[in-house]
Amino acid sequence: MHRVTLQDALEEGFLYKLQCKLPPGDPRQEMDEADYFNFIRAGCPDEETFQQEYMCSPSDDASAFLSYDLIGSCEAPEPQQYGDDAELYVGVDIGRERDLTVIWVLERLGDVFYTQFVHTMNCATFDAQESALYALLEERQVKRCCIDQTGIGRQFAERAQRRFGEYKVEAINFTSAVKEELAYPVRAAFEAKRVRIPSDPKIRADLRAIKKEITASGNVRFTADRGANGHSDRFWALALALHAGSKPANYGPSATVA
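Throughout what follows, the structure given in this document is the object of discussion. (Residues numbered from 1 in each chain as written. Predicted model: local features only at pLDDT ≥ 70, side-chain atom pairs only at ≥ 80, totals over all residues. Heavy atoms only, no water.)

Scanning the entire structure with this criterion turns up 8 salt bridges. The shortest N-O distance in the salt bridge between Glu 75 and Arg 204 comes to 2.8 Å. You can see Glu 75 sitting in strand 1 (residues 75-76) and its partner Arg 204 sitting in helix 9 (residues 201-209), a full 129 residues away along the chain. (Salt bridge = Lys/Arg side-chain N within 4 Å of Asp/Glu carboxyl O. Helix = DSSP H or I, 4+ residues; strand = E, 2+ residues; numbered from the N terminus.)

Below, the discussion takes up unusual backbone geometry. Positive phi outside glycine occurs at Cys 123, with the angle close to 60°. Note on placement: Cys 123 falls in the loop between strand 4 (112-121) and helix 6 (126-137). Backbone geometry at Lys 193 places phi at a positive 60°, although glycine is not the residue there. For Lys 193, a relative accessible area of 34% gives the class partly exposed. (Buried < 20%, exposed > 50% of the residue type's maximum accessible area, 1.4 Å probe, protein only.)

Looking now at the sheet that holds strand 3 (residues 101-109). With mixed pairing, 7 strands are arranged side by side in an open sheet as 1-7-4-3-2-5-6. Only two strands of the sheet have a single partner each, and these edge strands are strand 1 and strand 6 (169-172). Sheet analysis places strand 2 (residues 88-93) next to strand 5 (residues 142-148), joined by 5 bridges and oriented parallel. Along strand 5, the bridge assignment pairs Leu 88 with Val 142. Each of strand 1, strand 3, strand 4 and strand 7 (195-198) is contacted by helix 9, which is oriented at about 125° to strand 7, the strand it contacts most. Packed onto the sheet, helix 10 (residues 233-244) meets strand 2, strand 3, strand 4, strand 5, strand 6 and strand 7 and runs at close to 145° relative to strand 2. (Pairing = 2+ DSSP bridges. Contact = heavy atoms within 4.5 Å. Axes fitted to C-alpha atoms, helices over the stretch in contact; angles between N-to-C directions.)

This part is about the environment of Ala 237. Here Ala 237 lies in helix 10. A residue is classified by how much of its surface remains accessible, and Ala 237, at 0% relative accessible area, is buried. For the pair Ala 237 and Val 90, spaced 147 residues apart in sequence, the C-alpha separation works out to 8.1 Å. When neighbours within four sequence positions are excluded, Ala 237 is seen to be in contact with Gly 91, Asp 93, Val 102 and Trp 104.

Here we come to the environment of Ser 246. Summarising the element assignment, Ser 246 is placed in the segment after helix 10. Take Ser 246: its relative accessible area is 40%, and that puts it in the partly exposed class. Taking C-alpha positions, Ser 246 is 9.5 Å from Pro 185, a pair spaced 61 residues apart along the chain. Within the local environment of Ser 246, its side chain forms a polar contact with the backbone oxygen of His 243, the two atoms lying 2.8 Å apart. (Polar contact = N/O pair within 3.5 Å; in protein donor to acceptor, adjacent residues only side chain to side chain.)

We now examine the packing of helix 8 (residues 176-191) against helix 10. Relative orientation of the contacting elements helix 8 and helix 10 amounts to 85°, with a least axis distance of 9 Å. On the basis of their axis angle, the class for helix 8 and helix 10 is roughly perpendicular. Only Phe 235, Trp 236, Leu 238, Ala 239, Leu 240, Leu 242 and His 243 of helix 10 make contact with helix 8, whose side of the interface consists of Lys 179, Leu 182, Ala 183, Val 186, Ala 189 and Phe 190. Class assignment of the residues belonging to the contact of helix 8 with helix 10 gives a composition of 11 nonpolar, 1 polar and 1 charged. (Parallel < 35°, antiparallel > 145°, perpendicular 65-115°, else oblique. Nonpolar A, V, L, I, M, F, W, Y, C, P; charged D, E, K, R; others polar.)

Bringing the packing of helix 9 against helix 10 into the picture now. The geometry of helix 9 relative to helix 10 is characterised by a closest axis approach of 7 Å and an angle of 80° between their N-to-C directions. As judged from the angle between their axes, helix 9 and helix 10 are roughly perpendicular. Residues Lys 202, Ile 203, Asp 206 and Leu 207 of helix 9 lie in contact with helix 10, whose contacting residues are Asp 233, Arg 234, Phe 235 and Leu 238. Here the contact of helix 9 with helix 10 is composed, by residue class, of 4 nonpolar, no polar and 4 charged.

This brings us to the pairing of strand 2. Of all 6 residues in strand 2, 6 are buried, a share of seventy percent or more. Side chains Leu 88, Val 90 and Val 92 project from strand 2 onto one buried face, and the interleaved Tyr 89, Gly 91 and Asp 93 project onto a second face that is buried too. Two strands pair when backbone bridges link them, and strand 2 and strand 3 are joined in this way by 6 bridges, in the antiparallel orientation. In the strand pairing of strand 3, Asp 93 is matched with Val 102.

Applying the stated criterion to the full structure yields 8 aromatic pairs. On the numbers, 5.6 Å between centres and 75° between planes, the contact of Phe 65 with Tyr 184 is edge-to-face. With Phe 65 in the loop between helix 4 (47-54) and helix 5 (68-72) and Tyr 184 in helix 8, this pair connects stretches of sequence that are 119 residues apart. You can call Tyr 184 partly exposed: its relative accessible area is 27%. Plain terms: the ring middles of Phe 174 and Trp 236 are 5.5 Å apart, the flat faces sit at 55° to each other, and that makes the pair tilted. Taken together, the residues span a long stretch of sequence, with Phe 174 in the loop between strand 6 and helix 8 and Trp 236 in helix 10 at a distance of 62 residues. With respect to burial, Phe 174 and Trp 236 carry one shared label: buried. Ring pairing ties together the aromatic residues Phe 65, Phe 174, Tyr 184, Phe 235 and Trp 236, which thus form one cluster. (Phe/Tyr/Trp six-rings, centres within 6.5 Å; stacked < 30°, edge-to-face > 60°.)

Shown next as structure tokens:
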């Protein structure tokens, strides 16, 4: 087996050969090997992708909650515009500086949930986040919305409930037990092909990043590495949207409803 990592290539003069072929104004002309290595790494949606694509380290499907094959089997083209009689369900994972805010909108057609759009915000003010969400919740096609109220999301969720009512907006507190209740239906939806998602490398990486771990006491814990692509915020927004579409509006996972 012949193995050449990005590091190997740089040590053997790859960057010099590349710079000989680049136009004078290309920013890579000013990089040294360490700069170029970090440049490539930062351009990957997650660490696993970087390790697989540039460091010859195959992915480990055994540790991932969703495999690449399972994710890819539910990727679909862009959806058509929804009509006046559409049923839309929304999941919102709240972030501010370290994590993304993600608003995931699903349309239910029969027993399949089609992604209408995924809106991500990075370092957006809470006013901007509320403005984006409220414009959506004012549409009568939106039947139910589930919002992560953990930490900084509590006031965000309370204000949305006060404006649109607890029947339409449910606040969910992310505990380990609640995450378990939310995560398994996501995998079940992928396995049954009851969800359709965009073919997007950032979404794919976010869904793939979730890992299920068993603690020393035997409890299940869902974790993900934090990086430039977020902290699997898209996964949890999708989980919340699927939950919004799965139960009556006054239902939530045990001990989670505000």
